[in-house]
Amino acid sequence: MNGASTITDSLVKEHLLFRGLYNTLKAFDQDTKSGKDLKLQVDKFVADSLAAVDNLDIDALKSLWDLWKAKVFNSLSGENARLTIVYETDMYRLYLVKCVENKRIDKCNQFFLKCAALTQNNPVWAEWFAFPYHPKPEACQAFRKYYSHEWREIFVISLHNFVRIAVQSSPRSHLVQMIELLSEEAESNSTDRSHASNFGMMNPFEDELMDDFAVIAQYVTFSLYSSRSLLTCLECFSNIQSFMFKLK
């Protein structure tokens, strides 16, 4: 997938240059180099999330997760969709723990205000409304694990792996999908030609006759798989024309 994305970016740049759209090309280059492509930003996403927690910046944390939910996580389904909620919940709870550790109850109240849509009438958050006022939250079963350094380390590693899988599973543009299809067919055609070449070296029939049989085989394949790429269709059409000319 990364190879197809790289090829696609190169084709886009070439097209913009050919059209003389230099300002657009410059902006495209800058965005690419600055790493705005979410597919390349797994490490940064995790690092920025943890930085927002450490800085007690709920606006940055919420904006980051809302962006990634819109771009990546919302396309997941089944168990991965459930895990998205689990990781998001744990990240916000780490934020609350950090607020309490820094004796910033006001930041906790700010969190519940800005994340009301997530926490209100949500059973998994019921106990956490009292968390900022608990005398010893680290001793409470509901909050204890979030004070464990081992759990935090495992959480970060697990989150990183999950986000990477989510990115790989996220939808791709039609252009990237087309490049992937062409690349796969190019590899397949290369393998087929290699096998045909080896077969031809051992075959006693004339080359011209074997070429005709090869064209017939390509025509049958073309008929059966009408959804093949435009490039392959054009190649097959050219071969069919040559074969029909020989029949005349």
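Thresholds applied
- Residues numbered from 1 in each chain as written.
- Predicted model: local features only at pLDDT ≥ 70, side-chain atom pairs only at ≥ 80, totals over all residues.
- Heavy atoms only, no water.
- Helix = DSSP H or I, 4+ residues; strand = E, 2+ residues; numbered from the N terminus.
- Contact = heavy atoms within 4.5 Å.
- Areas by Shrake-Rupley, 256 points an atom, 1.4 Å probe, with all protein chains shown as cover.
- Buried < 20%, exposed > 50% of the residue type's maximum accessible area, 1.4 Å probe, protein only.
- Arc of directions from axis to C-beta.
- Salt bridge = Lys/Arg side-chain N within 4 Å of Asp/Glu carboxyl O.
- Phe/Tyr/Trp six-rings, centres within 6.5 Å; stacked < 30°, edge-to-face > 60°.
- Lys NZ or Arg CZ within 6 Å of the ring centre and 35° of its normal.
- Expected span 1.5 Å × (residues − 1).
- Polar contact = N/O pair within 3.5 Å; in protein donor to acceptor, adjacent residues only side chain to side chain.
- pLDDT = per-residue confidence, 0-100.

Undergrad: Before we go on, may I ask you to explain the overall build of the chain in this structure?
TA: On a plain count of helices and strands, the chain comes out with 11 helices and 0 strands. Considering only intrachain contacts with a sequence separation of at least 6, the fraction spanning at least 24 residues in the chain is 64%. Here the chain displays about 16300 Å² of accessible surface, and carbon together with sulfur accounts for 58% of that area.

Undergrad: Got a minute to help me understand helix 6 (residues 105–114) in this structure?
TA: Residues spaced three or four apart along an α-helix point in a common direction, a consequence of the helix completing one turn every 3.6 residues. Of the positions making up helix 6, those classed as buried are Lys107, Cys108, Phe111 and Phe112. Projection of helix 6 onto a plane perpendicular to its axis shows the buried side chains occupying an angular sector of 140 degrees, all on one side. Buried-residue contacts for helix 6 involve helix 4 (58–71), helix 5 (78–101) and helix 7 (116–119).

Undergrad: I would appreciate a short explanation of the environment of Val167 in the present structure.
TA: Turning to its location among the elements, Val167 is positioned in helix 8 (residues 149–169). A sequence separation of 99 residues divides Val167 from Trp68, and the C-alpha atoms of the two residues are 9.7 Å apart.

Undergrad: Any chance you could explain the pattern of salt bridges here in plain terms?
TA: Pairing is possible between side chains that carry opposite charge, provided their charged atoms lie close to one another. In total, this model carries 10 salt bridges according to the counting rule given. A salt bridge links Asp59 to Lys114; its shortest N-O distance comes to 2.6 Å. Note that Asp59 is positioned in helix 4 and Lys114 in helix 6, a separation of 55 residues in sequence. Given a relative accessible area of 40%, Asp59 falls into the partly exposed group. Residue classification places Lys114 among the partly exposed positions, given a relative accessible area of 34%. A salt bridge links Lys62 to Asp66; its shortest N-O distance comes to 2.9 Å. Here the residue Lys62 and the residue Asp66 both occupy positions in helix 4, the gap between them amounting to 4 residues, near one helical turn. Through salt bridges with shared partners, a single ionic network connects Lys62, Asp66, Lys69 and Glu88.

Undergrad: Before we go on, may I ask you to explain the environment of Leu17 in this structure?
TA: Inspection of the secondary structure puts Leu17 in helix 1 (residues 2–19). In contact with Leu17, other than residues within four places in its own chain, are Tyr22 and Leu25.

Undergrad: Whenever I open this one, the packing of aromatic side chains confuses me. Can you help?
TA: Any pair of aromatic rings gets described here by the distance separating the centres and the angle formed by the planes. Tallied over the entire structure, the rule returns 21 aromatic pairs. Considering the side-chain rings of Trp151 and Phe155, the 5.2 Å spacing of their centres and the 10 degrees angle between planes classify their relative orientation as stacked. Highlighted residues: Trp151 and Phe155, both in helix 8, separated by 4 residues, approximately one helical turn. Taken individually, Trp151 and Phe155 each receive the classification buried, so the pair is uniform in this respect. A cation sits over an aromatic face here: Arg93 above Trp125, 5.1 Å from the ring centre.

Undergrad: Sorry if this is basic, but what is going on with helix 8 here?
TA: Along its 21 residues, helix 8 runs 30 Å from first to last C-alpha, staying within 8% of the 30 Å computed at 1.5 Å per residue. For helix 8, the N-terminal cap is Ser148; the gap from its side-chain oxygen to the backbone nitrogen of Glu150 is 3.4 Å.

Undergrad: In this structure, what is going on with the confidence of the model for the chain? I would like to understand it.
TA: Close inspection of predicted coordinates is inappropriate in any region flagged by low pLDDT. Looking at the chain, the pLDDT average stands at 77 and 65% of residues meet or exceed 70. Note on residues 204–230: pLDDT under 50 across the span, and 26 contacts to partners over four residues away in sequence or across chains. Here residues 243–248 scores under 50 on pLDDT; set against residues more than four positions off or in separate chains, the count is 6 contacts.

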